[in-house]
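Per-entry structural report
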Amino acid sequence: MAEAKERPNEARTEAQVVIDNYVPGSALAAIDAGMARLDALYNDIIGKATKLMSQDIPTPSPSQTSPLAEPSVDAVVDYLKTCKNVLVLTGAGISTSAGIPDFRTPGTGLYSNVESYLTKFNINSPQELFSYTLFLENPEPFFDRAKDQMYPPEQARPTLAHYFIKLLEEKGCLLRNYTQNIDMLQSKTGLSDDKIFECHGSFRSGTCMKCKVKFNQQQVKDGIFSGSVPRCKATVNEMVCDGVIKPDIVMFGENLSQEYLVKSSVDVGKCDMLIVMGTSLTVGPVNRIPNEIPPSTPRLILNSEKICTDIQEATHTNCPMFWFDHEGNKTDVFMGGDIDQSVMELMEKLGWTWSHDFPE
């Protein structure tokens, strides 16, 4: 053991001899001072991290105040009529009735029926099939799956849930729709570009991974359905680029854009009501939005089933906590079952009618 301890000291001594011979004294002093500052900074960071880890994580608790008379659908309807800055957070569940599969539904979701892909490409899990790491190593599995089931079919049309968001804009109460979907259906409702943020991107455009040339939606679609990995034909230094054309969607393992961080950080402070539709809120950082709005803000959730009701999970993760079944609940209201039916119920209670451009 003694010999093992001496070796680093010997090596350091030899290195110091080299430094002494070739580095001026003033530079050595600057290096020593810099190293001392780095050591101090490192020790400070370690100390603070240790202190934070030793502290108890506060348990979430429901807000003690709310503008709702009570946590009910009728109270939400009354309050919604007064709102000016409604945030709507949507997921794949609002598009399934349009024929667009979600990820996790057994039998129909994108994670189902993928055994042939996993075997064909020697992939360990359905999630890996959509990961950025695998795409960089081998983009073929992604494009194979995108061609078969991911690219939205031409006949897909917006659902009642999509058009309800457009109606919120027409009523002057929509702040923004943050959608996790890449199917572009929300845009088909005529929702203003500045009222929708596609958190995970879309197939509306693509980018060459090598030369960064941009491609439009038709070019992206043609590439996906070409039967092979789409390649960039741009000329760079008199040579064909041949880089992979990646649709501008956010894959697992990729960071969301800086624009998302900037817009969402401002919008959550303005939000006077949050409507969540068709999402399990398992993917971050979008799933943090319900936690980032003011605590007393009413939250209406339209989903096939209740989500985020485990207080232990909310305590130890970034998962939000909804208080539907808690006796102290003042803010959260749940409408279960078919989302489009829930939208129709809301419309009836609000006394609203669909705009003239709603499809028959």
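Throughout what follows, the structure given in this document is the object of discussion. Everything quoted here is computed from the prediction, not taken from an experiment.

Here we take up the overall build of the chain. Looking only at helices and strands, the chain features 13 helices and 11 strands. Counting across all 360 residues of the chain, residues that qualify as buried make up 43%. For the chain, the accessible surface area stands at approximately 19,800 Å², while carbon and sulfur atoms represent 52% of it.

With that settled, consider the pairing of strand β10 (residues 299–302). Alternating positions in β10 separate into two faces, R299 and I301 on one and L300 and L302 on the other, with burial throughout. As paired elements, strand β9 (residues 273–277) and β10 share four bridges and run parallel to each other. Along β10, the bridge assignment pairs V276 with I301. Where β10 and strand β11 (residues 332–335) come together, four bridges link them in parallel fashion. The partner of I301 across the bridge, within β11, is F334.

With respect to the helices and strands, the residue G223 is situated in helix α9 (residues 217–224). Those residues in contact with G223 that lie beyond four places of it in its chain are S228 and P230.

For the rest of this paragraph, the subject is unusual backbone geometry. In this structure, the amide linkage connecting G284 to the following residue, P285, adopts the cis form with an omega of 0°. Mapped onto the elements, P285 comes out in the loop between β9 and α11 (289–292). Non-glycine residue N237 carries a positive phi angle of around 55°. Positive phi outside glycine occurs at E238, with the angle close to 65°. Mapped onto the secondary structure, E238 falls in the loop between β6 (235–236) and β7 (239–240).

With that out of the way, let us pick up the environment of S280. Position of S280 relative to the elements: it lies in the loop between β9 and α11. Residues S280 and N303 lie 23 residues apart in sequence; the distance between their C-alpha atoms is 8.3 Å.

Counted under the stated rule, the structure contains nine salt bridges. Linking D325 and K306 is a salt bridge whose minimum nitrogen-to-oxygen distance equals 2.6 Å. Here K306 lies in the loop between β10 and α12 (311–316) and D325 lies in the loop between α12 and β11, a separation of 19 residues in the sequence. Judged by its relative accessible area of 61%, D325 is exposed. By relative accessible area, which is 39% here, K306 ends up partly exposed.

How each quantity is defined
- Residues numbered from 1 in each chain as written.
- Predicted model: local features only at pLDDT ≥ 70, side-chain atom pairs only at ≥ 80, totals over all residues.
- Heavy atoms only, no water.
- Helix = DSSP H or I, 4+ residues; strand = E, 2+ residues; numbered from the N terminus.
- Buried < 20%, exposed > 50% of the residue type's maximum accessible area, 1.4 Å probe, protein only.
- Areas by Shrake-Rupley, 256 points an atom, 1.4 Å probe, with all protein chains shown as cover.
- Pairing = 2+ DSSP bridges.
- Contact = heavy atoms within 4.5 Å.
- Salt bridge = Lys/Arg side-chain N within 4 Å of Asp/Glu carboxyl O.

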